[in-house]
Amino acid sequence: PEHLWQGEGTLRSAAPVAGEINNAADISVIVLYFVIVLAVGIWAMYSTNRGTVGGFFLAGRSMVWWPIGASLFASNIGSGHFVGIAGTAAAGGIAIGGYEWNVSGIPYLPTLQVVTMPEYLRKRFGGKRIQVYLSVLSLVLYIFTKISADIFSGAVFIQLAMGLNLYLAIIILLGITALYTITGGLAAVIYTDTLQTFIMVVGSFILMGFAFREVGGYDAFMEKYMTAVPSNITYGNSTIDSKCYTPRADAFHIFRDAVTGDLPWPGLTIGLSIITLWYWCTDQVIVQRCLSGKNMSHVKAGCVMCGYLKLLPMFIIVMPGMISRILYPDVVACAVPEVCMQACGTSVGCTNIAYPKMVVELMPNGLRGLMLSVMLASLMSSLTSIFNSASTLFTMDIYTKIRKRPSEKELMLAGRAFMVVLIGISIAWVPVVQSAQSGQLFDYIQSVTSYLGPPIAAVFLLAVFCKRVNEQGAFWGLVVGLLAGLGRMISEFAYGTGSCVAPSNCPFIICGIHYLYFAIILFGISAIVILAVSFMTKPIPDVHLYRLCWTLRNSKEERIDLDADDEEEKPDEKDKESEESEEPGCLRKAYNWFCGLEQQKGPKLSKEEEEALKKKLTDTSEVPLWRNVVNINGIILLTVAVFCHAFFA
């Protein structure tokens, strides 16, 4: 018997699913997983300094390359990937794997004493409106795409596998993730991400082996996928158009027709590069991990390691998603709205359950529990990363504008309190996602980022490489880009995306342009506005730009920050000293340790020592041996990525 979904995603009470996770072996594996994760999180809490802003938000800038690389991968590969990418692959073939191979370079921010990307733009342009605007927009994007998609996809898996009440499962998950995110800071998140990466890779490789064994090997997989069609293709009194239920003829090609392709090749190469520039070089989740590195070589090596790991999803997520269509065509490839509604609760298709269904049906006891742990790992690692980065954005870029002279302890309390608020918003958003989102989850995520991300990418790219760009140009480029992107996004959501059987009546001028093409157009419009307004207004003198843009990156001259007037907003030393002079009681000490609020006192640094520390934090020099090792690996990675694109083109 199958679990059937009704209404807005709630499960009908039914007999236990064949393969439902309700046996001792699976439950033991899941419990062991949670124990290990909590143990790693508590160890990270105990062994790191969480009593300062730098310690809590940037792990004391002491991380080495392998936790950075693992955390970058785990933060990126959420449960939205296992559900969304596998689902899109089941529907359209391997082209979606191209998203995983298009990873941009290293953020430019490690050269600066900053905690967030908007903070860099404040130093680069001056003023506060760009910093606040980007921080608010980033928080909105986190809720609309990352948090909502991860929780929705996690719920899809948990309901199918365990039959738990949706909100109970989500509250338990968010409670555990919040515990070590709120108390442990970035160090706890990065170390647990490293564990989650190991579990994700091992578990998904095991499932890939079971999937290929079940289908009969790679050649049989290629042959059988092209004939994986549902048995029920009658809608009303007529037969559904064959294009709505048969696999695409170009299913095993990454590069597809520029006009008729579902992922056209110009969009996949140019449009996707713009989105990845926004994500990998400006998104706070990624930037924060790079800023935590102890030196530039470790940051670069972490990014290269993440690049190697990003070669795997094509084989451990995309292809298993396609195999799920072969094994369960009547459910995963359903085309009749009523049948799809019965099978998964959405009328436009059930591809989103491709990966979870295979886990439940294929894996033996014990290993099924391991795979649920993999899904929980991907969900939790993404959520913890988002919560930590969102609290950093709020605290450093928004709260400091509300409170002019906050103490360090107040900043950390504000960051933790905002995480609690964000968790509440996340839970409240779940029914909205359930009722509004159906079909291919990954397409939803990418379309929203295509409408809102390109203007940020344009500002960042021009800020780094064009010193003539000023604050007025950057601000108005962001505003025009936002209005254009919101116009497309709201119109598309208002008309609805429809399905093959019941297409949307959205006009071509709004919805007919592929979202990857729209990203190219939006990037171009934003860049033109930025440059036009900048050249019509006064340039920023070089004295404010040393080491803030590419042409002046190696300058040794002293920079006068455009935000130097904000220095008086920092807390007075007297306030800090009076705060430290109060001796807390035993309960207060225990509370401060648990929440990481204990201030580690040390000898006061002399002016020379402070200057030496500042120089160390902004030093980008590298040991020649390790610089060459990292650069060679970067070239090897690029070569492998080009080969993979060519092989599957």
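Computed from a prediction, not measured in an experiment: that's the story for all the values here. (Residues numbered from 1 in each chain as written. Predicted model: local features only at pLDDT ≥ 70, side-chain atom pairs only at ≥ 80, totals over all residues. Heavy atoms only, no water.)

Undergrad: A description of the overall build of the chain should follow, citing residues and the corresponding values.
TA: What the chain contains, in helices and strands, is 27 helices and 4 strands. Residue burial in the chain is summarised as follows: out of 649 residues, 57% are buried. Pairs at least 24 residues apart make up 83% of the contacts formed inside the chain by residues separated by at least 6 positions. Of the roughly 26600 Å² of accessible surface on the chain, a fraction of 65% belongs to carbon and sulfur atoms. (Helix = DSSP H or I, 4+ residues; strand = E, 2+ residues; numbered from the N terminus. Buried < 20%, exposed > 50% of the residue type's maximum accessible area, 1.4 Å probe, protein only. Contact = heavy atoms within 4.5 Å. Areas by Shrake-Rupley, 256 points an atom, 1.4 Å probe, with all protein chains shown as cover.)

Undergrad: Lay out the packing of aromatic side chains with the relevant residues and their values.
TA: Summed over all chains, the structure comprises 19 aromatic pairs. When the ring of Phe465 is compared with that of Trp550, the centres are 5.6 Å apart and the planes differ by 45°; the resulting orientation is tilted. Taken together, the residues Phe465 in helix α20 (residues 454-465) and Trp550 in the loop between α23 (515-535) and α24 (573-581) connect sequence positions 85 residues apart. Given the relative accessible area of 38%, Trp550 is considered partly exposed. Stacked on the ring of Tyr328, the Lys or Arg Lys357 has its end atom at 5.3 Å from the ring centre. The positively charged end of Arg488 is found above the aromatic ring belonging to Phe518, 5.3 Å away from the centroid. (Phe/Tyr/Trp six-rings, centres within 6.5 Å; stacked < 30°, edge-to-face > 60°. Lys NZ or Arg CZ within 6 Å of the ring centre and 35° of its normal.)

Undergrad: I'd like a rundown of the state of the cysteines, residues and numbers included.
TA: Enumeration over the complete set of coordinates arrives at 1 disulfide. Across the disulfide, Cys334 is cross-linked to Cys340 (sulfur-sulfur distance 2.1 Å). Between Cys334 and Cys340 the sulfur-sulfur dihedral comes to about 125°; the bridge is accordingly right-handed. For the pair Cys334 and Cys340, a shared accessibility class is recorded, and that class is buried. Lacking any disulfide linkage, Cys290 is separated from the closest cysteine sulfur, that of Cys303, by 3.8 Å. (Disulfide = S-S within 2.5 Å.)

Undergrad: Break down α23 for me, citing the residues and quoting the values.
TA: Given a rise of 1.5 Å per residue, 21 residues ought to cover 30 Å, and the 30 Å separating the end C-alpha atoms of α23 matches this to within 8%. Buried residues of α23: Tyr515, Leu516, Phe518, Ala519, Leu522, Phe523, Ser526, Ala527, Val529, Ile530, Val533 and Ser534, and no others. Down the axis of α23, the sector holding all buried residues measures 165°, keeping them to one side. Exposed residues pointing more than 90 degrees away from the buried face of α23 are listed as Ile528 and Phe535. (Expected span 1.5 Å × (residues − 1). Arc of directions from axis to C-beta.)

Undergrad: Report on unusual backbone geometry, specifying residues and quantitative values.
TA: Look at Arg547: it is not a glycine, yet its phi comes out positive at around 65°. Within the fold, Arg547 resides in the loop between α23 and α24. A residue is classified by how much of its surface remains accessible, and Arg547, at 25% relative accessible area, is partly exposed.

Undergrad: Pulling in residues and values, what's your account of the environment of Ala228?
TA: Position of Ala228 relative to the elements: it lies in the loop between α9 (218-225) and β3 (234-235). Taking C-alpha positions, Ala228 is 9.8 Å from Val332, a pair spaced 104 residues apart along the chain. Once residues within four sequence positions are removed from consideration, Ala228 is found in contact with Tyr245, Pro247, Arg325, Ile326, Pro329 and Ala333.

Undergrad: Report on the packing of helix α10 (residues 265-282) against α20, specifying residues and quantitative values.
TA: Two elements in contact, α10 and α20, have axes whose closest approach is 8 Å; the angle formed by their N-to-C orientations is 65°. With respect to their mutual orientation, α10 and α20 come out roughly perpendicular. Pair α10 / α20 crosses with left-handed handedness. Taken together, the residues of α20 that come into contact with α10 (itself represented by Ile274, Leu277, Trp278, Cys281 and Thr282) are Pro454, Ile456, Ala457, Phe460 and Leu461. Of the residues that constitute the contact of α10 with α20, the class distribution is 9 nonpolar, 1 polar and no charged. (Axes fitted to C-alpha atoms, helices over the stretch in contact; angles between N-to-C directions. Parallel < 35°, antiparallel > 145°, perpendicular 65-115°, else oblique. Left-handed = near helix turned anticlockwise from the far one by under 90°. Nonpolar A, V, L, I, M, F, W, Y, C, P; charged D, E, K, R; others polar.)

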